[in-house]
Amino acid sequence: MSAVKNIVLVHGGFVDGSGWQSVHRLLTQDGFNVSVVQNPTVSLVDDVAVTQRALDALDGPAVLVGHSYGGAVITEAGRHDGVAALVYIAAFAPDKDESVGTLVADPAPGAPVPPILPPVDGFLFLDRDKFAASFAGDLPAEDAAFLADAQVPWGLDALNGPITEPAWRAKPSWYLVATDDHMIPPPVQHQMAERAGATVAEAAGSHAVYVSQPQAVADLIKRAAGR
């Protein structure tokens, strides 16, 4: 594959696209054209449509990158003809007919359980007081508190949206495992990456590894882009 210059970054549940700022800076400094998708996180179908519109606007192929729930989005949206490769950053990589909801329904004994509050009007939030420990344990306390206060409501239709056909079956993929993730256990990340046939790298980081370890994230994206 010849080098790809377009990168599309997709955020996960509970957060918006601003967490990609440092990764964006590193990639643009290296000459990449970087787009950040602002998913409404109301439903998977809508988030896939938003992502595909971002891909439609590009001139040339792109590497599609997803964090957390964003992995489900790129798994579905990645079948777009403009996607050359997929990159999962501590992300869900569902198979056909799976959703994030089905992947988290039966956690392994002893695995950390994310502090998701009961849904209100069809939307989910993380317990603010437990946000830092579960999502962003390696960020400065002020930064983790800001993420907790700036949470985006995550719709049940996004959580439970099933994949029709996973793009990783047809597109090359890369996966960055966050080794201190308390939202998606690292062994589960490895299992999904192996199932997807992804090239795997690891970084010492929390679920917010894309914020705390932007260089490791950017380096893997550049590998996927053929740099």
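Residues numbered from 1 in each chain as written. Predicted model: local features only at pLDDT ≥ 70, side-chain atom pairs only at ≥ 80, totals over all residues. Heavy atoms only, no water.

A. Structural detail: the packing of helix H1 (residues 21-29) against helix H10 (residues 214-224). Packing of H1 against H10 leaves a shortest axis separation of 9 Å and a crossing angle of 50°. Taken together, the axis directions place H1 and H10 in an arrangement best described as oblique. Classified by chirality, the crossing of H10 by H1 is right-handed. Contact residues: Ser-22, Val-23, Leu-26 and Leu-27 in H1; Pro-214, Gln-215, Val-217, Ala-218, Ile-221 and Lys-222 in H10. When the residues that make up the contact of H1 with H10 are grouped by side-chain class, the tally is seven nonpolar, two polar and one charged. (Axes fitted to C-alpha atoms, helices over the stretch in contact; angles between N-to-C directions. Helix = DSSP H or I, 4+ residues; strand = E, 2+ residues; numbered from the N terminus. Parallel < 35°, antiparallel > 145°, perpendicular 65-115°, else oblique. Left-handed = near helix turned anticlockwise from the far one by under 90°. Contact = heavy atoms within 4.5 Å. Nonpolar A, V, L, I, M, F, W, Y, C, P; charged D, E, K, R; others polar.)

B. Layout of the pattern of salt bridges. One pass over the structure, following the stated rule, counts seven salt bridges. For Asp-149, the salt bridge goes to Arg-128, with nearest N and O atoms at 2.4 Å. Residue Asp-149 is located in helix H6 (residues 141-149), and its partner Arg-128 is located in helix H5 (residues 128-135); the two are separated by 21 residues in the primary sequence. You can call Asp-149 exposed: its relative accessible area is 53%. The structure contains a network of salt bridges with shared partners spanning Asp-30, Asp-219 and Lys-222. (Salt bridge = Lys/Arg side-chain N within 4 Å of Asp/Glu carboxyl O. Buried < 20%, exposed > 50% of the residue type's maximum accessible area, 1.4 Å probe, protein only.)

C. View of the sheet that holds strand E7 (residues 173-178). An order of E2-E1-E3-E4-E7-E8 is seen for the six strands of this open sheet, with the pairing classed as parallel. Both edges of this open sheet fall to strand E2 (33-37) and strand E8 (199-203), since each of them pairs with a single strand only. The mean inter-strand angle of the sheet, taken between neighbouring strand axes irrespective of direction, is 20°. Here strand E1 (residues 6-10) runs beside E2; their pairing, made up of five bridges, is parallel. When the bridges of E2 are listed, Asn-6 appears paired with Asn-33. Here H1 sits on the sheet in contact with E1 and E2, set at roughly 160° to E2. (Pairing = 2+ DSSP bridges.)

Treat this as a map of the structure, not an account of what it does.
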